[in-house]
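If you want the building blocks of each chain, they are given just below.
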Amino acid sequence: MSATAVVRNARDLLDEAGLQGAFLVRDLDTGAEIGFDADDPYPAASLVKVPLAVAVLERIARGELDPATPVDVAPGRITTPGPTGLSRFRHPARIAVDDLLYLSTCISDSVAADALFDLAPPTAVAGELRRLRIDGIAVRHRVGDLADTPAERLGPDEVHLAHSLAIGGATPGQGHPVAQLDVTRANTGSARAFVDLLHALWRPSTIQKATAARVRALMGDNLHRQRLAPDFTSDASRWSSKTGTLLHLRHEVGVVDHADGQSYAVAALTASRVPAVAQPGSEATMAQVARTLHDHLRTGTLPWWG
């Protein structure tokens, strides 16, 4: 099957699942890639925790932060379904910077992420990305600033209304009345930008090697394995990733390292047209599309992007 047909079929699969999306798969050694709509910006949701980890670890590498420094963290006291870790704590805690990195990246703990943003504010994270020559990711806000969506103000039986607002409120220019979904106000990134970041972490040149190794390890320990992991994890491959979820958005970016030495960066950014919180079928389709693109590229066909 030609690359054009593979991409056409991928778009059809997403559409049938009620999804639109941007996908990119890249061979990290040859640079060959396949995907579609890879330069379209999406609200990043929890994907922003990867550049946050990079910025904090770069400060540690320069001796500006001690990873063992204890940080006093107020409890999140969140009772709605979804948030993890310190977000659900009822009492204050004292946690080392290095352990906050684990909580933020591996279990996507937003309270831990904001404790790290106290040490490396959004402007500093954005500055690190510029210094490292990684373009296309906008870091404008702490995680907590963008976590208060309409879903948090509705009861469990009404959350679908927040998803309906998220789906129906977008403007042609990707603006949105919900600030967290407006690409001019939210933390944002494209599939290409996140693949570029992964490339810089797996084949480091500007990023400190110690920083890159630690982020790779953290992404390898990601506990959220329900999205792309089932299609990329095996005894002969290792899947390291970060997920991002916000209302109707479902993202995952990661790298599959094969036992034969080949490594492929994968970015899957999607928005659903279905006003439902639980959509396992949509997540299975995301994985199917990502794996199909990966398999086509891995067979040795010519690189193509559309």
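Residues numbered from 1 in each chain as written. Predicted model: local features only at pLDDT ≥ 70, side-chain atom pairs only at ≥ 80, totals over all residues. Heavy atoms only, no water.

**Considerations on the overall build of the chain**
Inference 1: Tallying secondary structure elements over the chain gives ten helices and ten strands in all.
Inference 2: Across the 306 residues in the chain, those meeting the buried criterion constitute 53%.
Inference 3: Considering only contacts within the chain whose residues lie at least 6 apart along the sequence, 67% involve residues at least 24 apart.
Inference 4: Carbon and sulfur atoms make up 54% of the accessible area of the chain, which totals about 12,900 Å². (Helix = DSSP H or I, 4+ residues; strand = E, 2+ residues; numbered from the N terminus. Buried < 20%, exposed > 50% of the residue type's maximum accessible area, 1.4 Å probe, protein only. Contact = heavy atoms within 4.5 Å. Areas by Shrake-Rupley, 256 points an atom, 1.4 Å probe, with all protein chains shown as cover.)

**A short note on the sheet that holds strand S8 (residues 237–246)**
Inference 1: Taken in spatial order, the five strands make up an open sheet running S2-S1-S10-S9-S8, and their pairing is antiparallel. At either end of the open sheet lies a strand with only one pairing partner, and these are strand S2 (33–36) and S8. The mean inter-strand angle of the sheet, taken between neighbouring strand axes irrespective of direction, is 10 degrees.
Inference 2: Two strands pair when backbone bridges link them, and strand S1 (residues 19–27) and S2 are joined in this way by four bridges, in the antiparallel orientation. Following the sheet pairing, Val-25 is matched in S2 by Ile-34.
Inference 3: The sheet strands contacting helix H8 (residues 209–220) are S8 and strand S9 (249–258), and the helix crosses S8 at an angle near 80 degrees. (Pairing = 2+ DSSP bridges. Axes fitted to C-alpha atoms, helices over the stretch in contact; angles between N-to-C directions.)

**Focus: the environment of Thr-69**
Inference 1: Tracing the chain through its elements places Thr-69 in the loop between helix H2 (49–61) and strand S4 (70–73).
Inference 2: Each C-alpha atom, one on Thr-69 and one on Ala-96, is 5.2 Å from the other, the two residues being 27 residues apart in sequence.
Inference 3: If near-sequence neighbours (up to four positions away) are discounted, Thr-69 is found in contact with Ile-95, Ala-96 and Val-97.

**Things to note about unusual backbone geometry**
Leaving glycine aside, a negative phi is the common case for residues, and trans is the common case for peptide bonds.
Inference 1: Phi is positive for Asp-37, which is not a glycine, with a value near 55 degrees.
Inference 2: Along the chain, Asp-37 turns up in the loop between S2 and strand S3 (42–43).
Inference 3: One non-glycine residue, Ala-45, adopts positive backbone phi at about 50 degrees.
Inference 4: Here Ala-45 shows up in the loop between S3 and H2.

**So, the packing of H2 against helix H5 (residues 122–131)**
Inference 1: Interaxial distance between H2 and H5 falls to 9 Å at its minimum, and their mutual angle equals 80 degrees. What the angle tells us is that H2 and H5 run roughly perpendicular. Between H2, through Pro-51, Leu-52, Ala-55 and Glu-58, and H5, the contact on the second element is made entirely by Val-125, Glu-128, Leu-129 and Arg-131.
Inference 2: Split into classes, the residues belonging to the contact of H2 with H5 amount to five nonpolar, no polar and three charged. (Parallel < 35°, antiparallel > 145°, perpendicular 65-115°, else oblique. Nonpolar A, V, L, I, M, F, W, Y, C, P; charged D, E, K, R; others polar.)

**Let's talk about the pattern of salt bridges**
Inference 1: Using the criterion set out here, one finds 20 salt bridges in the structure.
Inference 2: With a closest N to O distance of 2.9 Å, Glu-64 and Arg-62 form a salt bridge.
Inference 3: A relative accessible area of 37% places Arg-62 in the partly exposed class.
Inference 4: One salt bridge connects Arg-291 with Asp-295, and the closest N-O pair in it is separated by 2.8 Å. Linking Arg-291 with Asp-295, this pair stays in helix H10 (residues 280–298), spanning four residues, or about one helical turn. (Salt bridge = Lys/Arg side-chain N within 4 Å of Asp/Glu carboxyl O.)

**Some points on helix H7 (residues 191–202)**
Inference 1: For H7, which comprises twelve residues, the first-to-last C-alpha distance of 16 Å matches the rise-based estimate of 16 Å (1.5 Å per residue) to within 8%.
Inference 2: Counting buried positions over the twelve residues of H7 gives ten, a clear majority of the element. (Expected span 1.5 Å × (residues − 1).)

**With respect to the nonpolar core**
Inference 1: If you look at the biggest cluster of nonpolar residues, it comprises 64 residues, and the most contacted ones within it are Val-56, Leu-86, Leu-100 and Leu-201.
Inference 2: Leaving out residues up to four positions away in the same chain, Leu-201 has contacts with Val-50, Val-54, Ile-207, Ala-212, Val-215 and Arg-216.
Inference 3: One finds Ile-34, Val-266, Val-289 and Leu-293 within the second-largest nonpolar core, a separate group that totals 26 residues. (Core = buried A, V, L, I, M, F, W, Y, C linked by side-chain atoms within 4.5 Å.)

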